[in-house]
Amino acid sequence: MYKVIGAVKSRAMRVLWALEEIGAPYEHIPAAARSDEAKEFNPTGKIPAFVDGDEVLTDSMAIVTYLADKHGKLTAPAGTIARARQDAMTFWLIDEFDAVLWAAAKHSFVLPEEKRVPAVKDTLKAEFEASAARLSDRLDGEFLMGDSLTIPDILACHCLNWAIGANFPRTDEKLFSYAKNLRNRPAFQAAASR
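Heads up: these notes are all about the structure in this document. (Residues numbered from 1 in each chain as written. Predicted model: local features only at pLDDT ≥ 70, side-chain atom pairs only at ≥ 80, totals over all residues. Heavy atoms only, no water.)

Some thoughts on the nonpolar core
Core analysis: the largest hydrophobic core is formed by 54 residues, its most contacted members being W17, L19, L93, F97, F128 and L135. Those elements giving two or more residues to this core turn out to be strand 1 (2-5), helix 1 (12-22), helix 3 (60-71), helix 4 (81-110), helix 5 (120-138), helix 6 (151-165), helix 7 (173-183) and helix 8 (186-192). Those residues in contact with W17 that lie beyond four places of it in its chain are L149, D153, I154, C157, L182, R185, A187, F188 and A191. If you look at the next biggest cluster of nonpolar residues, it comprises 8 residues, including I29, A31, A38 and A49. (Core = buried A, V, L, I, M, F, W, Y, C linked by side-chain atoms within 4.5 Å. Buried < 20%, exposed > 50% of the residue type's maximum accessible area, 1.4 Å probe, protein only. Helix = DSSP H or I, 4+ residues; strand = E, 2+ residues; numbered from the N terminus. Contact = heavy atoms within 4.5 Å.)

A short note on the sheet that holds strand 2 (residues 26-29)
Here we have 4 strands laid out as an open sheet, ordered 2-1-3-4, and mixed in their pairing. The open sheet has two edge strands with one neighbour each: strand 2 and strand 4 (55-58). Adjacent strand axes in the sheet meet at a mean angle of 20°, parallel and antiparallel pairs treated alike. Bridge count between strand 1 and strand 2: 4 bridges; the pairing is parallel. Residue pairing for strand 2: K3 is matched across the bridge by E27. The sheet strands contacting helix 1 are strand 1, strand 2 and strand 3 (49-52), and the helix crosses strand 1 at an angle near 155°. Sitting on the sheet, helix 3 is in contact with strand 1, strand 3 and strand 4, with an inclination near 30° to strand 3. (Pairing = 2+ DSSP bridges. Axes fitted to C-alpha atoms, helices over the stretch in contact; angles between N-to-C directions.)

Re the packing of aromatic side chains
Each pair of aromatic rings is reported with the distance of its centres and the angle of its planes. What the rule picks out here adds up to 6 aromatic pairs. Aromatic side chains W17 and F188 sit 5.0 Å apart centroid to centroid with 85° between the ring planes, which places their arrangement in the edge-to-face category. Placement of the pair is W17 in helix 1 and F188 in helix 8, with a sequence separation of 171 residues. This pair shows no difference in class: W17 is buried, exactly as F188 is. (Phe/Tyr/Trp six-rings, centres within 6.5 Å; stacked < 30°, edge-to-face > 60°.)

Thoughts on the environment of E55
By the element assignment, E55 lies in strand 4. For the pair E55 and F41, spaced 14 residues apart in sequence, the C-alpha separation works out to 10.0 Å.

Overview of helix 5
Compared with an ideal rise of 1.5 Å per residue, which puts 19 residues at 27 Å, helix 5 spans 27 Å between its outermost C-alpha atoms and is within 8% of the ideal. All of the buried residues in helix 5 are L124, F128, S131, A132, L135 and S136. Angular distribution of buried residues about the axis of helix 5 spans 145°; they occupy a single face of the element. Relative to its buried face, helix 5 has exposed residues pointing more than 90 degrees away, namely D122 and D137. The secondary structure elements touched by the buried residues of helix 5 are helix 4, helix 6 and helix 7. (Expected span 1.5 Å × (residues − 1). Arc of directions from axis to C-beta.)

Notes on the pairing of strand 4
As paired elements, strand 3 and strand 4 share 4 bridges and run antiparallel to each other. Residue pairing for strand 4: D52 is matched across the bridge by E55. Connecting strand 3 to the antiparallel partner strand 4 that follows it, the hairpin turn spans 2 residues, and G53 within it adopts a positive phi of roughly 65°.

So, the pattern of salt bridges
Applying the stated criterion to the full structure yields 8 salt bridges. One salt bridge connects D98 with R11, and the closest N-O pair in it is separated by 3.0 Å. A residue pair is termed long-range when its members are at least 10 positions apart, and D98 in helix 4 and R11 in the loop between strand 1 and helix 1 qualify at 87 residues. For the pair formed by D98 and R11, the shared burial category is buried. Two residues, R134 and E96, come together in a salt bridge whose shortest N-O distance is 3.5 Å. With a gap of 38 residues between them, R134 in helix 5 and E96 in helix 4 connect regions that are remote in the sequence. The partly exposed category is assigned to E96, whose relative accessible area is 23%. Where salt bridges share partners, they join R11, R14 and D98 into one cluster. (Salt bridge = Lys/Arg side-chain N within 4 Å of Asp/Glu carboxyl O.)

Now the structure itself:
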């Protein structure tokens with residue numbers, strides 16, 4: 001059985017949600033970042049960590065991609081144009097959404113207080129808002145990559161939720177509805193309730 005280490009209100013949610021969508025059994029250890037419990041699985045204390053047998057994986061998107069490839073769900077097959085487009089969308093979301101939100105978090109509570117530059121958050125919010133508008137323009141249907149949920153949808157929805165919690169500007173109605181519909185999926189609800 002798989003093991004997921006990390007609090008639901010962290011990037012571990014991406015892994016939990018993917019596992020629920022796949023239907024694979026797992027154990028969840030809701031360890032906080034940098035806790036002794038998290039350090040048992042990842043010496044840096046970063047979460048999530050993921051255990052499959054004797055192997056420990058880190059980085060939420062590496063874990064989600066591994067699971068999608070292993071189970072043949074949430075992804076286009078490797079070596080296809082569809083997969084290249086999916087990977088391009090995933091990497092774009094990491095650059096334009098996740099990295100911006102992480103930078104804001106660092107300047108809000110992660111960095112030591114004397115290293116924080118709160119004024120940078122205004123620029124980050126503007127960057128996120130511009131990227132959200134571009135994503136909304138690209139969204140053509142229920143999901144980002146076609147007619148089924150894929151890895152980029154999990155990443156985009158998680159980041160859109162994170163943005164709400166971080167008091168970033170609200171997205172347009174199209175993107176807001178997209179994320180709301182994803183949050184209503186039974187697998188998302190099951191993961192969020194852990």
